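The residues making up each chain are set out below.
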Amino acid sequence: MKGKEYENLVKDILLKKHFQIIAENFSSPYGEIDLIASKDNRLIVIEVKGSGIKKVNPAEKLDCFKLKRILKTFEYFLYKFPQYSSWEFLFLLAVVKKN
């Protein structure tokens, strides 16, 4: 599997759980957010990490530098879409591993 395939898998799971996908691969001058979803007036900012190698932990691919870029990109998202600025939000790391 490749990055987009992992993202599509996570997106399908979210849709089955009745989340609305607000944005996919949202880009800013600071970086990119894989998925932004909503449910019950909450925004979920999702970084998807996957690995087809059993010994590799995909979560280790998210470092402080990447996290800062995600936060700055989310601030940019809220600037561009102020209608969401009063919503609760949470950040989710979706880890997909091949069995």
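Here, the structure is the one placed above.
Residues numbered from 1 in each chain as written. Predicted model: local features only at pLDDT ≥ 70, side-chain atom pairs only at ≥ 80, totals over all residues. Heavy atoms only, no water.

> Hey, could you run me through the sheet that holds strand β1 (residues 20-27) in this one?
The strands making up a sheet associate through backbone hydrogen bonding, with each pair oriented either parallel or antiparallel. The mixed open sheet is built from four strands, whose spatial order is β1-β2-β3-β4. Because the sheet does not close on itself, it has two edges, and the strands there are β1 and β4 (88-97). When strand polarity is set aside, the average angle formed by the axes of neighbouring strands in this sheet is 25 degrees. Where strand β3 (residues 42-51) lies against β4, ten bridges are found, and the strand directions are parallel. Of the residues in β4, the one forming a bridge with Leu-43 is Phe-89. Contacting β1, β2 (32-39), β3 and β4, helix α2 (residues 64-80) runs over the sheet at an angle of about 145 degrees to β3. (Pairing = 2+ DSSP bridges. Helix = DSSP H or I, 4+ residues; strand = E, 2+ residues; numbered from the N terminus. Axes fitted to C-alpha atoms, helices over the stretch in contact; angles between N-to-C directions. Contact = heavy atoms within 4.5 Å.)

> Would you mind going over the pattern of salt bridges with me for this structure?
Pairing between side chains becomes possible if they bear opposite charge and their charged atoms approach one another. Within the structure shown, the criterion is met by six salt bridges. Salt-bridge contacts for Glu-24 lead to Lys-4; the nearest nitrogen and oxygen are separated by 3.6 Å. Of this pair, Glu-24 sits in strand β1 while Lys-4 sits in helix α1 (residues 3-16), and the two are 20 residues apart along the sequence. The exposure class assigned to Lys-4 is partly exposed, which follows from its relative accessible area of 40%. For Lys-66, the salt bridge is made with Glu-47, and the minimal N-O distance between the two is 3.8 Å. Of the two residues, Lys-66 sits in helix α2 while Glu-47 sits in strand β3, which places them 19 residues apart along the sequence. Each member of the pair, Lys-66 as well as Glu-47, carries the same accessibility label: buried. (Salt bridge = Lys/Arg side-chain N within 4 Å of Asp/Glu carboxyl O. Buried < 20%, exposed > 50% of the residue type's maximum accessible area, 1.4 Å probe, protein only.)

> I'm lost on the side chain of Ser-38 in this one. Help?
Along the chain, the position of Ser-38 falls in strand β2. You can call Ser-38 buried: its relative accessible area is 7%.

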